[in-house]
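For reference, the chains in residue letters:
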Amino acid sequence: MRPIRIALTKGRLEKRSVELFESIGFDCAQLINKGRRLILPMDDYQVVLAKAADVITYVEHGACDIGIVGKDTIAEAGSAFYEMLDLGFGKCRFALAALKGSDFYDGYHERVVASKYPKVAKQFFEKKGMDVRVIKIEGSVELAPLLGLAHAIVDIVETGSTIRENGLEVIEEIMPISARVIVNRASMKLRREEIEQLLKDMEIAVQV
Ligand code: PRP
């Protein structure tokens, strides 16, 4: 049988994920000195580094058994897996933000909202019964209201610096976000014992 494969989200969550594995006692030397390699051995496991949305794709299709990914990407991109554990790091939130002083809810005109997370944005306004046009943006979403493309944005706010330094303000908090552990459905059945042990180790490590 192949080693259990764990998909890690590259970037913001990567360092904290590696620290988590180190605190469990795994040998993370290869992971730390990875160079440009994307598949790294860690004790009896294989660790794969991928972009957040791809972590979900690999876990959904069973190419990886386990994934560490932000709740933001889960909310936007997937559900065909088990979400097993909140790791408590990578904390931030989804928020609706607009230019400081502008009244987003004022009047009856069509509202345009820019977001990297169109599904999350659409669901947020559907719940309010508001008809809003959502435009997908790939990054630096804060630009959209500054350039007159949108009245507001739905985006991740962590420290709030990006919003503040660009003259925007949070109008409403939408949802708290943190890193989650997801597990492929078939792996959960076929390799239950190994996966449950790993989840238990991770749970204990994040509680310390
Ligand atoms: C995220 C998010 C905000 C910023 C929020 O972008 O989209 O722009 O971080 O963080 P802050 O509240 O601490 O300022 P990211 O850095 O991932 O880059 P991107 O916008 O290019 O995707």
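Let me begin by describing the structure that accompanies this report. (Residues numbered from 1 in each chain as written. Predicted model: local features only at pLDDT ≥ 70, side-chain atom pairs only at ≥ 80, totals over all residues. Heavy atoms only, no water.)

## With respect to the overall build of the protein chain
We apply this condition: The numbering of helices and of strands both runs from the N terminus, where a helix is a DSSP run of H or I of at least 4 residues and a strand a run of E of at least 2. With a 1.4 Å probe rolled over the protein chains alone, any residue whose accessible area is under 20% of its type maximum counts as buried; one over 50% counts as exposed, and the rest are partly exposed. His residues and chain termini do not enter the charge count, which takes Lys and Arg as positive and Asp and Glu as negative. Where a charge lies is defined by one atom per residue type, namely NZ (Lys), CZ (Arg), CG (Asp) and CD (Glu).
From N to C terminus, the protein chain includes nine helices and 11 strands. Projecting the C-alpha coordinates of the protein chain onto the three principal axes gives extents of approximately 60 × 30 × 30 Å. Per-residue burial over the protein chain gives 45% buried out of 208 residues. With 29 positive and 31 negative side-chain charges, the protein chain shows a separation of 2 Å between the mean positions of the two kinds.

## Digging into the layout of surface pockets
Defined as follows: Grid points spaced at 1 Å and placed over the protein atoms alone form the basis of the search, with a cavity being a set where a 1.4 Å probe fits but cannot get out and a pocket an open set showing protein on both sides within 12 Å along at least five of seven lines. Lining residues have an atom within 4 Å of a point. Grid points are joined across faces, edges and corners, and a volume is the space filled by probe spheres set on the points. Amino acids are sorted into nonpolar (Ala, Val, Leu, Ile, Met, Phe, Trp, Tyr, Cys and Pro), charged (Asp, Glu, Lys and Arg) and polar (every other residue, Gly among them). By convention here, the domain bounds are inherited from an automatic or database domain assignment.
For the largest pocket, the calculated volume is near 1100 Å³. In terms of lining, the largest pocket is formed by 38 residues, of which the most central are Arg-12, Asp-72, Lys-116, Tyr-117 and Ile-156. Residue assignment for the lining of the largest pocket shows that the elements contributing at least two residues are helix H3 (52–60), helix H4 (71–77), strand E9 (152–157) and helix H7 (161–165). The biggest single contributor to the lining of the largest pocket is H4, with four residues. Considered class by class, the residues forming the lining of the largest pocket number 14 nonpolar, 10 polar and 14 charged. Here the lining of the largest pocket gathers at least three residues from each of two domains, domain 1 (5–90 + 178–207) and domain 2 (92–175).

## Describing the pairing of strand E1 (residues 5–9)
Rule in force here: For two strands to count as paired, DSSP must find a minimum of two bridges between them.
With four of five residues buried, E1 lies mostly within the body of the structure. Of the pairings in the sheet, the one linking E1 to strand E3 (residues 45–50) comprises five bridges and is parallel in character. Residue Leu-8 lies in a different strand from E3, and its bridge partner there is Leu-49. Note: E1 against strand E4 (residues 66–70), three bridges, orientation parallel. By the bridge assignment, Leu-8 is partnered in E4 with Ile-68.

## Topic: the nonpolar core
What counts here: By nonpolar core we mean a set of buried residues, namely Ala, Val, Leu, Ile, Met, Phe, Trp, Tyr and Cys, connected to one another through side-chain atoms within 4.5 Å.
Ranked by internal contacts, the top residues of the largest apolar core, which has 29 residues, are Ile-6, Leu-8, Phe-21, Met-42 and Ile-68. Elements supplying a minimum of two residues to this core: E1, helix H1 (14–24), strand E2 (39–42), E3, E4, strand E11 (179–183) and helix H9 (192–207). Looking at this core element by element, the count peaks at five residues for H9. Core analysis: the next-biggest nonpolar cluster, separate from the first, contains 17 residues, Cys-92, Ala-98, Val-120 and Ala-152 among them.

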